[in-house]
Amino acid sequence: MCFCHRYRHYIALINTLYYICPYNLTLAIMGQATLSMRVDDTLKKKFDMICDDFGLTSTAAITVFMKTVVRERRIPFEIKASGRDQINKEAWEAFLEMRTQAAAAGVQDLTLDEINAEIQNARNER
């Protein structure tokens, strides 16, 4: 009987990756590193509670995230921010919508003084 068959039941190495094949035993000890970061206390508590619901520690969840990034070579979810052009387009569309509503209400031709008077009247009615 070869070495790996006789002793494979006695191998219990922490932080060690081992591969057993019929003829040889290969050990590869994995180094450990510490990741330290600052986050908002409330965010950390909420994250820990959600991880606990999944049966994970926050360390395990972050490790899963990191392994996924390395394996897929991408962030495993969409990170999106509106660019200036998109914001300007949305602002212009909102302006046109307000203009349409003003025309429907018959107030599209008010002067600046009339607009200010309308605002003052609305404030006085509060």
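None of these values were measured; they are calculated from a predicted model. (Residues numbered from 1 in each chain as written. Predicted model: local features only at pLDDT ≥ 70, side-chain atom pairs only at ≥ 80, totals over all residues. Heavy atoms only, no water.)

Asks: How should the overall build of the protein chain be read in this particular structure?
Replies: When helices and strands are tallied, the protein chain shows 5 helices and 2 strands. Its helices and strands taken in sequence order, the protein chain reads α-β-β-α-α-α-α from the N to the C terminus. The buried share of the protein chain, reckoned over its 126 residues, is 7%. A separation threshold of at least 6 residues defines the contact pool for the protein chain, and within that pool the share at least 24 residues apart is 4%. Accessible surface, the protein chain: about 11900 Å² in total, of which carbon and sulfur atoms supply 57%. (Helix = DSSP H or I, 4+ residues; strand = E, 2+ residues; numbered from the N terminus. Buried < 20%, exposed > 50% of the residue type's maximum accessible area, 1.4 Å probe, protein only. Contact = heavy atoms within 4.5 Å. Areas by Shrake-Rupley, 256 points an atom, 1.4 Å probe, with all protein chains shown as cover.)

Asks: Help me out: how do you make sense of helix α2 (residues 41–53) in this one?
Replies: Each turn of an α-helix holds 3.6 residues, which means side chains three or four residues apart point in the same direction. Taking 1.5 Å per residue, 13 residues should reach 18 Å; α2 reaches 19 Å between its end C-alpha atoms and fits that length. For α2, the capping residue at the N-terminal end is Asp40, with a side-chain oxygen 3.0 Å from the backbone nitrogen of Thr42. With its phi angle positive at about 80 degrees, Gly55 sits one or two positions after the end of α2. (Expected span 1.5 Å × (residues − 1). Polar contact = N/O pair within 3.5 Å; in protein donor to acceptor, adjacent residues only side chain to side chain.)

Asks: Explanation requested: a nonpolar patch on the surface in the structure shown.
Replies: Together, Leu35, Met37, Val39, Leu43, Phe65, Met66, Ile75, Phe77 and Ile79 make up a nonpolar patch on the protein surface, roughly 880 Å² of accessible area in all. With respect to the element layout, Met37 can be found in the loop between β2 (25–29) and α2. (Patch = residues over 30% accessible without salt bridge, like charges linked within 9 Å, V, L, I, M, F, W, Y side chains within 5 Å. Salt bridge = Lys/Arg side-chain N within 4 Å of Asp/Glu carboxyl O.)

Asks: Would you take a moment to explain the pattern of salt bridges for this structure?
Replies: Two side chains bearing opposite charge may form a pair once their charged atoms approach each other closely. Summed over the entire model, instances satisfying the criterion amount to 4 salt bridges. Of the charged contacts, one joins Asp41 and Lys45 as a salt bridge, the two residues approaching to 3.1 Å between their closest N and O atoms. Taken as a pair, Asp41 and Lys45 lie in helix α2 at a separation of 4 residues, close to a single helical turn. A relative accessible area of 48% places Asp41 in the partly exposed class. Of the charged contacts, one joins Glu72 and Arg71 as a salt bridge, the two residues approaching to 3.8 Å between their closest N and O atoms. Classification of Arg71 by relative accessible area gives exposed; the value is 57%.

Asks: Could you clarify how one ought to interpret the packing of α2 against helix α3 (residues 58–72) in this entry?
Replies: Pairs of packed helices are described in terms of their axes, by the angle between the two and the distance that separates them. It is the contact of α2 with α3, at a shortest axis distance of 9 Å, that shows an interaxial angle of 85 degrees. With respect to each other, α2 and α3 are oriented roughly perpendicular. Counting all contacts with α2, which are made through Lys44, Phe47, Asp48 and Cys51, the residues of α3 involved are Ser58, Ala61 and Ile62. Here the contact of α2 with α3 is composed, by residue class, of 4 nonpolar, 1 polar and 2 charged. (Axes fitted to C-alpha atoms, helices over the stretch in contact; angles between N-to-C directions. Parallel < 35°, antiparallel > 145°, perpendicular 65-115°, else oblique. Nonpolar A, V, L, I, M, F, W, Y, C, P; charged D, E, K, R; others polar.)

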